[in-house]
Amino acid sequence: MSFSSLVSDITYKDRDLDDRRSLVSRARSYASTAATSVSISGDIASQLHGGYSHPLARAWQAERQLTKSMLIYPLFVSDNPDDETLIPSLPGQYRRGVNKLVPYLTPLVRKGLKSVILFGVPLAPGSKDALGTNADDPKGPVMSSIRLLRRSFPSLFIVADVCLCEYTTHGHCGILRDDGGLNNALSVDRVSDVAMAYAEAGAHCVAPSDMNDGRIRAIKLKLIEAGIAHKVVLMSYAAKFSGCLYGPFRDAAGSCPSFGDRKCYQLPPGGRGLARRAIQRDINEGADIIMVKPASQYLDIISDAKDIGQNLPVAAYQVSGEFAMIHAGAKAGVFDLKAMAFEATEGILRAGATIVVSYFTPQFLDWLSN
Ligand SMILES: [Zn+2]
């Protein structure tokens, strides 16, 4: 039945009522018919407002709702055990030494923190070299933190970011050739060794962010050879775009390239086809989770990742620049911080991600009920 015939049907039934009520009722019906004939095209399915008229009914419209288990919190761990230094470009975020981790994380785990991703920050003079030797130093910040967090928080899921750029003197994500370009074969060899070291130290998940070609396959093969592939999640930064949104992170991790940039291995911002190929390649090479980075600027790529990897979870990294921009907007009074954090993060879920790496995680633990 069309909407207009329903209205006239109701109007007709009103005539059976007593005169006075009938007049009022008909008047209302005529008014309503006149109004709806302007705004309704005739199809009753055009009536949407009722479906989300109640707060709970509005919540039911979301295909995915943000929960605490979707969040991974990035931690910067320095080689100074007692370090606790505010990172000026990342509001409220600190670089911490291993001695500060457990006291900081204890209340967060109690509030429902499920996962962290670790980035090592070597600060000691002479701690960097051309090969990133200290990336897999057993006494270094990442491997010490993995062992400490596994012991202290048995339920916490530990992700270790795998890259060389924090540990190389040149700040690039691999080993360089004489001409300054990446030596892909040597880089893959080294990066996969570092991933293995983190996995053997107890990381539940290793996440190579270096973008060298073929590193997912190399890591998967080494995990299989070592007999631990069945218990380590391999999360690939598959579609990682170059751009200016990583500024605060480089500040935090001290990983700015000393010359050149990362455009030869990070994806060009307009490279949607290239991103699709990288996602497909990393799935074929054995990735268990595909990550897209940055998040809010690349919702189309998140959606592509979900389309290409239908049977894989898709993660999105809401990067330092996105976080800093939301803080700047809130500070300037442009919008409310909490509302914008939810809008941005729920937008990422809508695009297809079910895992979000976010600096807002501690706040979401307060804002979310589950
Ligand atoms: Zn890197």
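Residues numbered from 1 in each chain as written. Predicted model: local features only at pLDDT ≥ 70, side-chain atom pairs only at ≥ 80, totals over all residues.

Short version of the rule: UniProt positions are given in the numbering used here, feature names are shortened, and annotations may be inferred rather than shown by experiment.
An unreviewed UniProt entry lists the chain under the name Delta-aminolevulinic acid dehydratase, from Pseudovirgaria hyperparasitica. Reading the Subunit (unreviewed entry) entry of the UniProt record for the chain gives the comment "Homooctamer." The Sequence similarities (unreviewed entry) field of the UniProt record for the chain holds the comment "Belongs to the ALAD family."

**Brief notes about the overall build of the chain**
How we decide: Note on conventions: DSSP H or I runs of at least 4 residues are helices, E runs of at least 2 residues are strands, and numbering of each starts at the N terminus. Buried residues are those with 20 or more other C-beta atoms within 10 Å of their own C-beta, exposed residues have 12 or fewer, and partly exposed residues lie in between; C-beta atoms are placed from the backbone. Contact criterion: two residues are in contact if their C-beta atoms, reconstructed from the backbone, are within 7 Å.
Check the secondary structure of the chain and you find 13 helices and ten strands. Buried residues in the chain amount to 40% of all 370 residues. Excluding contacts between residues fewer than 6 apart, the proportion of contacts in the chain whose partners are at least 24 apart in sequence is 73%.

**Considering the UniProt feature "binding site: 5-aminolevulinate 1" (unreviewed entry) in the chain**
In this structure's numbering, the residues bearing the UniProt feature "binding site: 5-aminolevulinate 1" (unreviewed entry) are Arg 250 and Arg 262. In this structure, Arg 250 sits in helix 8 (residues 247-253). The residues contacting Arg 250, other than those within four sequence positions of it, are Ser 255 and Cys 256. One can find Arg 262 in the loop between helix 8 and helix 9 (272-284).

**A few points about helix 9**
The line we're drawing: Helix span, expected: 1.5 Å multiplied by one less than the number of residues in the helix. The arc in question is the one traced by the directions running from the helix axis out to the C-beta atoms.
Spanning 13 residues, helix 9 covers 18 Å between terminal C-alpha atoms, matching the ideal 18 Å at 1.5 Å per step. Taken together, the buried positions of helix 9 are occupied by Ala 275, Ala 278, Ile 279 and Asp 282. Angularly, the buried residues of helix 9 cover 100° about the axis, an arc narrow enough to put them on a single face. Of the exposed residues in helix 9, the ones pointing more than 90 degrees away from its buried face are Gly 273 and Asn 284. As for helix 9, its buried residues are in contact with helix 7 (215-225), strand 7 (233-240), strand 8 (289-293) and helix 10 (299-308). One or two steps after helix 9, the chain reaches Gly 286, where phi turns positive at roughly 110°.

**Observations concerning the UniProt feature "binding site: 5-aminolevulinate 2" (unreviewed entry) in the chain**
Sites flagged by UniProt as "binding site: 5-aminolevulinate 2" (unreviewed entry) map to Ser 320 and Tyr 359. Spatially, the listed residues are clustered: although they cover 40 residues, their C-alpha atoms lie within 7.5 Å of one another. Secondary-structure assignment places Ser 320 in helix 11 (residues 320-331). Sequence-distant contacts of Ser 320, that is, excluding residues within four places in its chain, are made with Leu 90, Tyr 246, Gly 247, Pro 248, Phe 249, Ala 252 and Tyr 359. In this structure Tyr 359 comes out as buried when scored by C-beta crowding, with 25 C-beta atoms within 10 Å.

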